[in-house]
Amino acid sequence: MIKRITAIFLAAVMLSAVSCDKKEEEKPAVDSPAVTTETDTTETTETTPEAAETAVIGTETETSAVTTSIFTEDFTFPENDPEFEEQLDNEVINAAQALFETACETEWIFTVGSPYELDTSEYVTNDYGWQYYLITDEEIDSFEDVLEDYYEVFSPDYKNTLDELYREQDGKVYCLNGARGSNIFYEGTEVTLITGRDDGEIRFNVVSTYSGGGEDNTPYTEENEFIIRRNDDGAWRIAKFKLPY
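Anyway, here's the lowdown on the structure attached to this text. (Residues numbered from 1 in each chain as written. Predicted model: local features only at pLDDT ≥ 70, side-chain atom pairs only at ≥ 80, totals over all residues. Heavy atoms only, no water.)

1. Side note on the packing of aromatic side chains
- The tally for this structure, following the rule as stated, stands at 15 aromatic pairs.
- With a centroid separation of 4.6 Å and 25° between ring planes, the pair formed by Phe154 and Tyr158 is classed as stacked. Accessibility assignment for this pair places Phe154 and Tyr158 in one class, buried.
- Through pairs of rings, three or more aromatic residues link up here, namely Phe100, Phe110, Tyr116, Tyr150, Tyr151, Phe154, Tyr158, Phe204, Phe226 and Phe241. (Phe/Tyr/Trp six-rings, centres within 6.5 Å; stacked < 30°, edge-to-face > 60°. Buried < 20%, exposed > 50% of the residue type's maximum accessible area, 1.4 Å probe, protein only.)

As structure tokens, then:
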């Protein structure tokens, strides 16, 4: 149960570098046709990456929930600081680095695993037979509840794929809990510089490093844009992001 999350960006826990266990199966693409309810009497084992088990977004009381902390050694990401945009570049970049790592962990747990407890004996399926397992969290009664949790890190402006991964039916919500492996060549991502600041928005350049997989399987780097945006309530959330692994 990770609803009604409070003080999400004020926890005093240091973030380490992102690390995720790899999965062997590839998650297939999922359309969004109508679903049908079935009951499976075969017990299955739920697998989630280690990073998902310790990742970000949660409550202070649930041991099964994930917990968010936006904290670096010298700088805490501001929740309601109107002067944040005027901070020195290195301070803003430090905070953005921590937020980027949180974004990675959040996106992984919501799109590859599940941030909620699941009953794998009850599920719904789409036309391709993919199984969406019942979320047993008593406070998750609708897809909007899932979005509410997700938006504790991401901005509502961020384009996500959650509608492909979660199904709502008869007052219950189901999760695909798909499995795929992360990029085995991924080494890390660094927020390198601020590319622009506007009222309520800061844009960054991020560089991801890979030990192989390039031309002739050589190491390579990839640059992407990372954007954070201030909500109406003063909270900073992620508006543009790409999971690097």
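Back to the write-up after that little detour.
2. Focus: the pairing of strand β7 (residues 201-210)
- Most of β7 sits inside the fold, with 9 of its 10 residues counted as buried.
- When strand β6 (residues 186-198) meets β7, the two strands line up antiparallel, connected through 10 bridges. When the bridges of β7 are listed, Glu190 appears paired with Val207.
- The antiparallel hairpin formed by β6 and β7 contains 2 residues in its connecting segment, where Gly200 sits at a positive phi of about 80°.
- Looking at chain direction, β7 and strand β8 (residues 220-230) are connected through 10 bridges and run antiparallel. The residue bridging Phe204 from the neighbouring strand is Phe226, located in β8. (Helix = DSSP H or I, 4+ residues; strand = E, 2+ residues; numbered from the N terminus. Pairing = 2+ DSSP bridges.)

3. Focus: the sheet that holds strand β9 (residues 236-240)
- The antiparallel open sheet is built from 4 strands, whose spatial order is β6-β7-β8-β9. For this open sheet the edge positions go to β6 and β9, each flanked by a neighbour on one side alone. Taking each pair of neighbouring strands and ignoring which way they run, the sheet shows an average axis angle of 30°.
- Direction of pairing for β8 relative to β9: antiparallel, over a ladder of 4 bridges. (Axes fitted to C-alpha atoms, helices over the stretch in contact; angles between N-to-C directions.)

4. A few points about the environment of Leu99
- Note that Leu99 resides in helix α2 (residues 89-111).
- C-alpha separation for the pair Leu99 and Val153, spaced 54 residues apart in sequence, amounts to 8.5 Å.

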